[in-house]
Amino acid sequence: MKKIAILGSTGSIGTNALRIVREKPEEYRVIGLSAYRNVQLLARQIKLFKPKLISVKDVQGIKQLKVLVNLKGIKVFVQADGLGEIATHKEVERLVVATAGTISLVPVLEAIKAGKIIALANKEPLVMAGEIVMDAVRRKKGMIIPVDSEHSAIFQCLRKEDIRSLKRIYLTGTGGPFRNATRKYIRQAGPETALCHPKWKMGKKITIDSATLMNKGLELIEARWLFSVPEEKIEVLIHPEAVIHSMVEFNDRSVIAQMGIADMRLPIQYALDYPERKTNNLNELDFVKLKKLHFFKPDVKRFPCLAIAQKVARAGGSCGCVMNAANEIAVEAFLAKKIGFMDIPRVINSVLDKHIYAPHPNLEEILALDEWARKEAWALCYRL
Ligand SMILES: NC(=O)c1ccc[n+]([C@@H]2O[C@H](COP(=O)([O-])OP(=O)(O)OC[C@H]3O[C@@H](n4cnc5c(N)ncnc54)[C@H](OP(=O)(O)O)[C@@H]3O)[C@@H](O)[C@H]2O)c1
C-alpha cells in the first residue's frame, strides 16, 4: 500500500487524484490532505479517506470543519505550516502537490529534503525557483514526477533514453478557447468566454492562463528546469485535438510521442504508480474515430504572453519569479473584471521591465521578489 498525501485536495487535480484512490482503496493510504477555503468538500474527503493530518486556511476554517466532521485523532494545521507538516510527515511516501499558486514552494523544498517522492502538478515552484528546486533534488538524489500532462508525456518519452541524444521537445497545447479568434475578439473577451476551455476542465487560474497561452509559457519554463533542457530546444506546437500530450525528437530524427485521452487522471495515476503502470477504467483512445490530427505554430502576436515567457525562459534568474507573480495578480484582476484580457501581458511586461535582474537569486530573494512583483502588479492594475 502506497502512503500518499495531497496538498490542494479540494482542487481539480486534488479531487481527480482522490477519484483514483477511491477506485483502488487497497493500493493507496491517504495520510494527509490540505484544503484552503473549501471546508465542505474537505469534510467529505475526511469522512471517506480518514487522513491523519489535515490543513485549512485559518482557525475559522477549523471551527467550520468541526461542525461538519469529527476531527478526533486527526492533527489539524493551518496554512503554510500545515502544508509543511503534511509534506514532511514521516509516513508520507509520495506527495501530490496540487495547490494553486506559489504557496507550495517552501513545502516542496522541505519535502525534497525529507526524501519524499513528489508528484508535481503545481508548476509555480519550478517557474519561480527552478534552479533552487532542481539543485535540491540533485543533492538529495530525490525525484519529481510531473503531473502536468505535457511534462508527464515528456517524462514518459524520455524514460530510459540518454538525454544527450535529445534534439528537441515538442510541447503541445490545444491553443485554448481563443485559438481561432481575431485580435479584436480577444481584446474584448471577458472572464466568461476566457473560462470556456475546449478540452480540459481545470481551476480558474490555469484556465485563464490557457486562454492567454501563458500556461504554455509556464510549462516551457517548467520543462526547461525539469528536464534540464535549454529554451531553444523546446518548441511549442498547437495541437487542438489534445491527443498527443507532447513529443520528443532525438538526434537520429526519431520522434516519440505520448498519446492518450484528455483526462488528467492518466498523468496523475502515472505519477502515483511510477515506475509501474497499473490498470484503470479510463476510456481507450479510438484512433479510427480520431481520423486526423492537426498541428500549428502558435501566433505570438495574438498571444503575447507566450513570447514573454519564451524571453523569460532564455533570461532565467529572477525573471521567472517576477513574471509568475505579475501574471497571477493580472489574472486575478481580470477575473474580477478590473482589467481587460490584453492588459494581462501589459502588466507582466511592465513589472518585468521595472525589476532589477538577479542571475542566481536565493530563496529569500525569490520570496522578496515575489512579494515586490505582486505589489507592483496590483498598483498597475489599479492604474489601468
Ligand atoms: N487542473 C488541471 O488540469 C491542471 C493540469 C496541469 C497542471 N495543473 C496545475 O496544478 C495546480 C492546481 O491546479 P487546479 O486546477 O487543481 O487548481 P484549483 O482547482 O484552483 O485547486 C487549487 C487547490 O489549491 C488550494 N489552494 C488555493 N490557494 C491556496 C493557498 N493559498 N494555500 C493553500 N492551498 C491553496 C485550493 O483549496 P480550496 O479549494 O479549498 O480553496 C485547492 O485545493 C496549478 O498549479 C495548476 O497550474 C493543473
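Quick caveat, the model's predicted, so the values are computed rather than measured.

**Some details on the overall build of the protein chain**
Okay, step 1: Secondary structure summary: the protein chain contains 17 helices and eleven strands in total.
Okay, step 2: Along the first, second and third principal axes, the C-alpha set of the protein chain runs to 55 × 50 × 40 Å.
Okay, step 3: Of all 384 residues assigned to the protein chain, the portion counted as buried reaches 46%.
Okay, step 4: Partitioning the intrachain contacts of the protein chain with sequence separation of at least 6 by distance along the chain shows that 69% fall at a separation of at least 24.

**So, the site of the ligand**
Okay, step 1: With respect to spatial proximity, 26 residues lie near the ligand, and among them Gly11, Tyr36, Asn38, Met202 and Gly203 are the closest.
Okay, step 2: Broken down by element, the residue count for the shell around the ligand peaks at three residues, all from helix H1 (residues 12–23).
Okay, step 3: When grouped by side-chain class, the residues that make up the shell around the ligand number eleven nonpolar, eleven polar and four charged.
Okay, step 4: Structurally, the shell around the ligand is a two-domain feature, drawing no fewer than three residues from each of domain 1 (2–146) and domain 2 (152–262 + 282–383).

**A short note on helix H6 (residues 124–140)**
Okay, step 1: Across its 17 residues, H6 extends only 21 Å between first and last C-alpha, which sits more than 12% below the 24 Å expected from 1.5 Å per residue.
Okay, step 2: If you look at H6, its biggest bend is around 105 degrees, right at glycine 130.
Okay, step 3: Among the residues of H6, those classed as buried are Glu124, Pro125, Leu126, Val127, Met128, Ala129, Gly130 and Val133.
Okay, step 4: Lysine 141 sits one or two positions beyond H6 and adopts a positive phi of about 50 degrees.

**What about the nonpolar core?**
The nonpolar side chains of a soluble globular protein tend to be buried, and buried together.
Okay, step 1: Counting residues in hydrophobic clusters, the biggest one holds 110 residues, and the most contacted among them are Ala309, Ala326 and Ala330.
Okay, step 2: With eleven residues, the top contributor of residues to this core is helix H15 (residues 319–335).
Okay, step 3: If we ignore the near neighbours within four places in the chain, the residues touching alanine 330 are Ile339, Asp343, Ile344, Val347, Ile348, Ala377 and Cys381.

**Thoughts on the pairing of strand E1 (residues 2–7)**
Okay, step 1: The pairing of E1 with strand E2 (residues 28–34) spans six bridges and is classified as parallel. Looking at the pairing, isoleucine 4 lines up with valine 30 of E2.
Okay, step 2: On the question of chirality, the crossover connecting E1 to the parallel E2 by way of H1 is right-handed.
Okay, step 3: Here four bridges tie E1 to strand E5 (residues 94–97), and the two strands are oriented parallel to one another. Each bridged residue has a counterpart across the sheet, and for alanine 5 the counterpart in E5 is leucine 95.

**Side note on the sheet that holds E1**
Okay, step 1: In space, the seven strands of this open sheet follow the order E4-E3-E2-E1-E5-E6-E7, with parallel pairing throughout. Among the strands making up the open sheet, the edge pair consists of strand E4 (75–78) and strand E7 (143–146). In this sheet, adjacent strand axes meet at a mean angle of 25 degrees when their direction is disregarded.
Okay, step 2: Here three bridges tie E2 to strand E3 (residues 53–56), and the two strands are oriented parallel to one another. Residue pairing in the sheet places serine 34 in a bridge with serine 55 of E3.

**Re the sheet that holds strand E11 (residues 255–259)**
Okay, step 1: Across the sheet, four strands lie side by side as E9-E8-E10-E11; this open sheet has mixed pairing. Two strands bound the open sheet, and with one partner strand each, they are strand E9 (234–238) and E11. Taken over all neighbouring pairs, the strand axes of this sheet differ in orientation by 20 degrees on average, direction set aside.
Okay, step 2: Of the pairings in the sheet, the one linking strand E10 (residues 244–250) to E11 comprises five bridges and is antiparallel in character. Bridge pairing in E11 places serine 246 opposite glutamine 258.
Okay, step 3: Taken strand by strand, helix H11 (residues 214–226) contacts strand E8 (166–173) and E9, and its axis lies near 150 degrees from that of E8.

**Let's talk about the pairing of strand E6 (residues 117–120)**
Okay, step 1: Of the pairings in the sheet, the one linking E5 to E6 comprises four bridges and is parallel in character. By the bridge assignment for E6, arginine 94 is matched with isoleucine 117.
Okay, step 2: Assessed by its sense of winding, the connection that carries the chain from E5 through helix H5 (residues 105–113) to E6 is right-handed.
Okay, step 3: Read from E6 through H6 to E7, the crossover connection turns out right-handed.

**So, the domain arrangement of the protein chain**
Okay, step 1: With domains assigned, the protein chain is organised as domain 1 (2–146) and domain 2 (152–262 + 282–383).
Okay, step 2: Between domain 1 and domain 2, the C-alpha centre-to-centre distance is 24 Å.
Okay, step 3: Between domain 1 and domain 2, the contact holds 18 residues from the first and 21 residues from the second.
Okay, step 4: Among the secondary structure elements, those contributing two or more residues to the side of domain 1 that touches domain 2 are H6 and E7.
Okay, step 5: When residues in the side of domain 1 that touches domain 2 are grouped by element, the largest group, nine residues, is from H6.
Okay, step 6: In the side of domain 1 that touches domain 2, the residues fall into ten nonpolar, five polar and three charged.

Parameters and conventions
- Residues numbered from 1 in each chain as written.
- Predicted model: local features only at pLDDT ≥ 70, side-chain atom pairs only at ≥ 80, totals over all residues.
- Helix = DSSP H or I, 4+ residues; strand = E, 2+ residues; numbered from the N terminus.
- Buried ≥ 20, exposed ≤ 12 C-beta atoms within 10 Å, placed from the backbone.
- Contact = placed C-beta atoms within 7 Å.
- Near = placed C-beta within 6 Å.
- Nonpolar A, V, L, I, M, F, W, Y, C, P; charged D, E, K, R; others polar.
- Domains from an automatic or database assignment.
- Expected span 1.5 Å × (residues − 1).
- Bend = angle between axes of the 7 residues up to and from the residue.
- Core = buried A, V, L, I, M, F, W, Y, C linked by C-beta atoms within 7 Å.
- Pairing = 2+ DSSP bridges.
- Right-handed = clockwise from strand over helix to strand, strands pointing away.
- Axes fitted to C-alpha atoms, helices over the stretch in contact; angles between N-to-C directions.

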